[in-house]
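# Notes for the structure review
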Amino acid sequence: MRVSVAACYPAPTKMAACALRRGLLSTFSKYNKKHAHRLLSVADSRFETYRPQMECRACGMYGVAQQRRFMSSRPEGKVLETVGVFEALKQHGKYETGQLFLHSVFGYRGIVLFPWHARLYDRDITPPMSDSKPEPPGAHGSKEVKGKTHTYYQVLIDTRDCPHISQRSQTEAVTFLANHDDSRALYAIPGLDYVSHEDILPYNSAEQIPIQHELFERFLMYNPAKSPPFIARDTLKAWQEKNHPWLELSDVHRETTENIRVTVIPFYMGMREGQNSHVYWWRYCIRLENMGNEVVQLRERHWRIFSLSGTLETVRGRGVVGREPVLSKEQPAFQYSSHVSLQAPSGHMWGTFRIERTDGSHFDVRIPPFSLESNKDDKAPPAGYTF
């Protein structure tokens, strides 16, 4: 199912503006947070662009907006379908377990499982000269910044939306080391994601099971006396507590080059013992966002991986995870996860993405340096979702 939003946001000048969500992959505009808005879904069986004329429920005015349609098995003719009502965005504080939301960049429906507090290192913010620190060995010379606390959320993705976002964002963003002797074996839990606070567009629904995911009823139960009306089961609390060392994000790194912003989130996955050494594993999630109007395409990646053991590895390749995504104003973001292993308990990674413009010229986008740190208090291996 395609999810769209038709909403009205009164401006201070008594004029009203109506906006329609562009498919699932457009960024959301800065709206008036004081009004509730109708959440709608769109479906079509063809690729095409159309200009719907929509009446705003709040002011009665009509607005015309362009939308790119995507493939769906829904019958033709059914354009909009109500799935809930928007709530006011939270400027302060955090969203609670059970909060329904629409992802502001990728458009999928989801529900918050629990929040995390991370340190965000934004290299687009210039620090005072006295606060500058040395770079990791061999890093590309970008400035060091102080981190600030930022809220992220562990969420479930509605499985009905997964097929429609798979070309722009991996829906298996959480992986674990398998519990057997194969030190390279990984397993993934589908439909789990990490979402930053500003990407949450909260809404409410009258449905008792508004999100389709095999873990929804295992982790959450309906309680109409609560707000939001979905509360954590003991199984969710136990799963979070047991897997805390491998689920928690601690650092988020961000840097923008020529309007292309790269955000990196590393996760420690654990250690496996080999015949003659220990192997430490990390996964890292990367999002590329086109903050400008120019259409560009990712063509190559260039990584440098420094290990505490003293080794420096260089990795070059076409695209990322087998793709060369196009970043445009209509589809500005691409997100993926990958993995790295070291024979040392810590290290650093940094690098560049080679980006191509429509005229064939290229430029390099910096990947901010980030640390690979192991947890000193490794306990039991991570648990899956069998209860």
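The following refers to the structure shown.

Here is what the cut-offs are and how they apply
- Residues numbered from 1 in each chain as written.
- Predicted model: local features only at pLDDT ≥ 70, side-chain atom pairs only at ≥ 80, totals over all residues.
- Heavy atoms only, no water.
- Core = buried A, V, L, I, M, F, W, Y, C linked by side-chain atoms within 4.5 Å.
- Buried < 20%, exposed > 50% of the residue type's maximum accessible area, 1.4 Å probe, protein only.
- Salt bridge = Lys/Arg side-chain N within 4 Å of Asp/Glu carboxyl O.
- Helix = DSSP H or I, 4+ residues; strand = E, 2+ residues; numbered from the N terminus.
- Contact = heavy atoms within 4.5 Å.
- Polar contact = N/O pair within 3.5 Å; in protein donor to acceptor, adjacent residues only side chain to side chain.

## Comments concerning the nonpolar core
Ranked by internal contacts, the top residues of the largest apolar core, which has 33 residues, are Ile111, Leu113, Trp239, Leu247 and Leu249. Ranked by size, the runner-up nonpolar core spans 27 residues in total, among them Ile260, Tyr284, Tyr336 and Leu372.

## Quick notes on the pattern of salt bridges
All told, the structure shown has 15 salt bridges when counted by the stated rule. With a shortest N-O distance of 2.8 Å, Asp161 and Arg109 are connected by a salt bridge. Taken together, the residues span a long stretch of sequence, with Asp161 in the loop between β11 (148-157) and α1 (162-165) and Arg109 in strand β10 (residues 109-122) at a distance of 52 residues. In terms of burial, Asp161 and Arg109 fall into one category: buried. Put simply, Glu289 and Arg287 hold a salt bridge, and the shortest N to O gap is 3.7 Å. When its relative accessible area of 8% is taken as the criterion, Glu289 is described as buried. The class of Arg287 is buried, set by a relative accessible area of 10%.

## Some words on the environment of Arg354
Here Arg354 is to be found in strand β25 (residues 346-357). Since its relative accessible area comes to 30%, Arg354 is described here as partly exposed. Apart from residues no more than four positions distant in its own chain, Arg354 is found in contact with Gln297, Leu298, Arg299, Glu300, His362, Phe363 and Asp364. Engagement of the side chain of Arg354 in a polar contact is seen with the side chain of Asp364, the distance being 2.4 Å.

## Considering the side chain of Asn290
Note on placement: Asn290 falls in strand β20 (residues 278-290). Here Glu294 takes part through its backbone oxygen, which lies 2.6 Å from a polar atom of the side chain of Asn290. Residue contacts for Asn290: discarding those within four places in its chain leaves Asn259, Ile260, Val296, Leu327, Ser328 and Pro332.

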